[in-house]
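# Commentary on secondary and tertiary structure
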Amino acid sequence: KDLEYCIGVLPRADVSTQKGGRATQGAAYALLAQVYATKSPADWSKVKEYCDEVISSNVYSLLPSYDQLFDGDHYNNSESIFEIQYEQPSATTWLFQLWCPPSTTGDTWRKFNTPTVDLIDAFRAEGDSIRLHSSIMFEDVTGNWVDPIYGTMVPFVNKFRHPGGWSSSDHFYVIRLTETILLRAEAENELGDINGALTDLKLVRDRVNLGVKNLTTKAAVLDAVLLERRLELAFECYRWYDLLRTGRAITTMNDLGYPAEAPRDLLYPLPQDERNRNPNLTQNPGY
């Protein structure tokens, strides 16, 4: 109801220099599409309807180069539907200091959120060198630490490149156009329109010089869309929710060697303080 109300009162698009940081109809439509995909059962007709509103609005368009999204010079761009704005000196984030390599942070301690072998292999298996190197950089950390998996040539998140010594002004995309395009592809596939899904998949893959997917079954197209979302949106906080939404979280984690079981490992426990305040709250299963 909040989002439906917002659609009626928000501007179609913000024309200021901080377009991506303003709540707009496009942001509300895009988020509403995500809501209908996440609800159980999903309403794929609604997902497609709201994705269409965004994609057909002529407000948004893909940047010509994938790397422009993350080079720090093209924020609030034509592809951005909603992004968190950071600006020196008073509105910054310390997060990227935890992720970036020593060459950009100026410190020598081992970093968090190291890209996995499985993700790197997925990029390489797809021949996706453009998004691999825009998303991940490899740096020699000899003399600082030795990684138990990678040794001294370690991968780092590369979508945030200016940590600024705990005071980064790099922005964070919450929703951008390719997420909405790929969500529509998933909806089209679920609604039986495989050709429509493959057309949307091609839109995203063309920018990074990847070939057309010639697929004929619903299951194969879903696999392809989820893989595309993984590679396109790496480190943008969608992967776990994609796995939850499609019922693949437990098998994926187990296949990676991380023992997990439903439902305990799919949900956090409800805080006891909240349950004390509201005796009608039950605990999530497994806790």
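Residues numbered from 1 in each chain as written. Predicted model: local features only at pLDDT ≥ 70, side-chain atom pairs only at ≥ 80, totals over all residues. Heavy atoms only, no water.

### Some words on the packing of helix α2 (residues 25-38) against helix α3 (residues 44-55)
The criterion, for reference: Helix axes are fitted to C-alpha atoms over the stretch in contact, other axes to C-alpha atoms as well, and angles between N-to-C directions run from 0 to 180 degrees. Only DSSP runs of H or I reaching four residues or more are called helices, and only runs of E reaching two or more are called strands; each is numbered from the N terminus. Oblique is the label for every angle not falling under 35 degrees (roughly parallel), over 145 degrees (roughly antiparallel), or within 65 to 115 degrees (roughly perpendicular). Should the near helix be turned counterclockwise from the far one by less than a right angle, the crossing is left-handed, whereas a clockwise turn marks it as right-handed. Should any heavy atoms of two residues lie within 4.5 Å, those residues are counted as being in contact. Under the scheme applied here, ten amino acids are nonpolar (Ala, Val, Leu, Ile, Met, Phe, Trp, Tyr, Cys and Pro), four are charged (Asp, Glu, Lys and Arg), and all others, including Gly, are polar.
Closest axis-to-axis distance for the α2/α3 pair is 8 Å, and the angle between their directions is 160 degrees. As summarised for this structure, α2 and α3 are arranged roughly antiparallel, according to the angle between their axes. The handedness of the crossing between α2 and α3 comes out as left-handed. Contact residues: α2 offers Gly-26, Tyr-29, Ala-30, Leu-32, Ala-33, Tyr-36 and Ala-37, while α3 offers Trp-44, Lys-46, Val-47, Tyr-50, Cys-51, Glu-53 and Val-54. Among the residues making up the contact of α2 with α3, the classes are represented as 11 nonpolar, 1 polar and 2 charged.

### Here we look at the packing of helix α1 (residues 2-9) against α2
In a pair of packed helices, the angle between the axes and the distance between the axes together describe the arrangement. Packing of α1 against α2 leaves a shortest axis separation of 9 Å and a crossing angle of 155 degrees. Relative to α2, the element α1 is oriented roughly antiparallel. Relative to α2, α1 is oriented so that their crossing is left-handed. Residues Leu-3, Glu-4, Cys-6 and Ile-7 of α1 touch α2, and the partners they reach there are Gln-25, Ala-28, Tyr-29, Leu-31, Leu-32, Val-35 and Tyr-36. Among the residues making up the contact of α1 with α2, the classes are represented as 9 nonpolar, 1 polar and 1 charged.

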